[in-house]
Amino acid sequence: MPSRSIAATSARSRFEVGLVMLVRLLRARRRVPPLAYFHLATALVSLGFWIGFVAAGPVVLAWIGWAVLNLTNGLGDTLLTKGWRKRNPAAAGNAYLKAATEAVFTTKRPLPLVHGILAGGTYFTALAAALISS
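Residues numbered from 1 in each chain as written. Predicted model: local features only at pLDDT ≥ 70, side-chain atom pairs only at ≥ 80, totals over all residues. Heavy atoms only, no water.

(A) Just the nonpolar core, in detail. Grouped together as the largest cluster of nonpolar side chains are 9 residues: Trp 50, Phe 53, Ala 62, Trp 66, Leu 69, Tyr 123, Ala 126, Ala 129 and Ala 130. Secondary-structure elements contributing two or more residues to this core are helix H2 (34-56), helix H3 (59-87) and helix H5 (110-133). For this core, the element with the most residues is H5, which contributes 4 residues. (Core = buried A, V, L, I, M, F, W, Y, C linked by side-chain atoms within 4.5 Å. Buried < 20%, exposed > 50% of the residue type's maximum accessible area, 1.4 Å probe, protein only. Helix = DSSP H or I, 4+ residues; strand = E, 2+ residues; numbered from the N terminus.)

Pasting the structure below:
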């Protein structure tokens, strides 16, 4: 089924970009927020369920992987917002909206932008594959 392979490819690509971001932080000897490790762990768990679904076919694995993906995306959004607040401590208003807008409409941080776009692509293709397979 094409939706399974599209979702798997998107998930793998997003994971790879995330790993590049993490390695860059570690190489720069910058402090990595503990939340980033939880984000990584949930991404691995979600990817594991998705690989199990693609390889073996039980639809329940797709739905579990998609449920974990919700947590993964929520943790990523929290990291995005906290990072924006740290860079803009005096700013008022909706921090999530401002952080997301800055990530999309500026080219200052291209890796997080690509990672975020792939997150949305993974989310909706995984949902579509789970729905189609049900």
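(B) Seen up close, the packing of aromatic side chains. Enumeration according to the criterion identifies 4 aromatic pairs in this entry. Residues Trp 63 and Trp 66 carry aromatic rings whose centres are separated by 5.8 Å and whose planes lie at 85 degrees to one another, so their mutual orientation is edge-to-face. Placement of both Trp 63 and Trp 66 in helix H3 is noted, with a separation of 3 residues, approximately one turn of the helix. By relative accessible area, which is 17% here, Trp 66 ends up buried. On the numbers, 5.4 Å between centres and 40 degrees between planes, the contact of Trp 66 with Tyr 123 is tilted. One end of the pair, Trp 66, is in helix H3; the other, Tyr 123, is in helix H5, and 57 residues separate them in sequence. Feature note: the residues Trp 63, Trp 66, Tyr 123 and Phe 124 constitute an aromatic cluster, connected by ring pairs. (Phe/Tyr/Trp six-rings, centres within 6.5 Å; stacked < 30°, edge-to-face > 60°.)

(C) Empty space enclosed by the protein, seen in detail. A full pass over the atoms with the stated rule returns 1 cavity of 30 Å³ or more. Computed from the structure, the largest cavity encloses a volume of approximately 60 Å³. Along the walls of the largest cavity sit Leu 80, Arg 87, Ala 99, Glu 102, Ala 103, Thr 106, Lys 108, Arg 109, Pro 112 and Leu 113, which together make up its complete lining. Contributing elements (two or more residues each) for the lining of the largest cavity: H3, helix H4 (95-105) and H5. Per-element accounting of the lining of the largest cavity gives the leading share, 3 residues, to H4. The class makeup of the residues in the lining of the largest cavity is 5 nonpolar, 1 polar and 4 charged. (1 Å grid on protein atoms, 1.4 Å probe; cavity = no way out; pocket = protein on both sides within 12 Å on 5 of 7 lines; lining within 4 Å. Points joined across faces, edges and corners; volume = space filled by probe spheres on them. Nonpolar A, V, L, I, M, F, W, Y, C, P; charged D, E, K, R; others polar.)

(D) Local environment of the side chain of Thr 72. For Thr 72, the position within the fold is in helix H3. In terms of polar contacts, Thr 72 uses its side chain to reach the side chain of Thr 42, at 2.9 Å. Apart from residues lying up to four places away in sequence, Thr 72 is in contact with Arg 14, His 39, Thr 42 and Ala 43. (Polar contact = N/O pair within 3.5 Å; in protein donor to acceptor, adjacent residues only side chain to side chain. Contact = heavy atoms within 4.5 Å.)

(E) Examining H2 more closely. Between its first and last C-alpha atoms H2 spans 33 Å; for 23 residues at 1.5 Å apiece the expected length is 33 Å, and the two agree. Those residues of H2 not exposed but buried are Ala 36, His 39, Thr 42, Ala 43, Ser 46, Leu 47, Trp 50 and Phe 53. (Expected span 1.5 Å × (residues − 1).)

(F) Examining the packing of H3 against H5 more closely. Between H3 and H5, the shortest axis-to-axis distance is 9 Å and the interhelical angle comes to 155 degrees. One way to sum up the angle between H3 and H5 is to call them roughly antiparallel. Like other packed secondary-structure pairs, H3 and H5 cross with a definite hand, here left-handed. Between H3 and H5, the contacting residues are Val 59, Ala 62, Trp 63, Trp 66, Leu 69, Asn 70 and Asn 73 on the first element and Ala 119, Thr 122, Tyr 123, Ala 126, Leu 127, Ala 130, Leu 131 and Ser 133 on the second. (Axes fitted to C-alpha atoms, helices over the stretch in contact; angles between N-to-C directions. Parallel < 35°, antiparallel > 145°, perpendicular 65-115°, else oblique. Left-handed = near helix turned anticlockwise from the far one by under 90°.)

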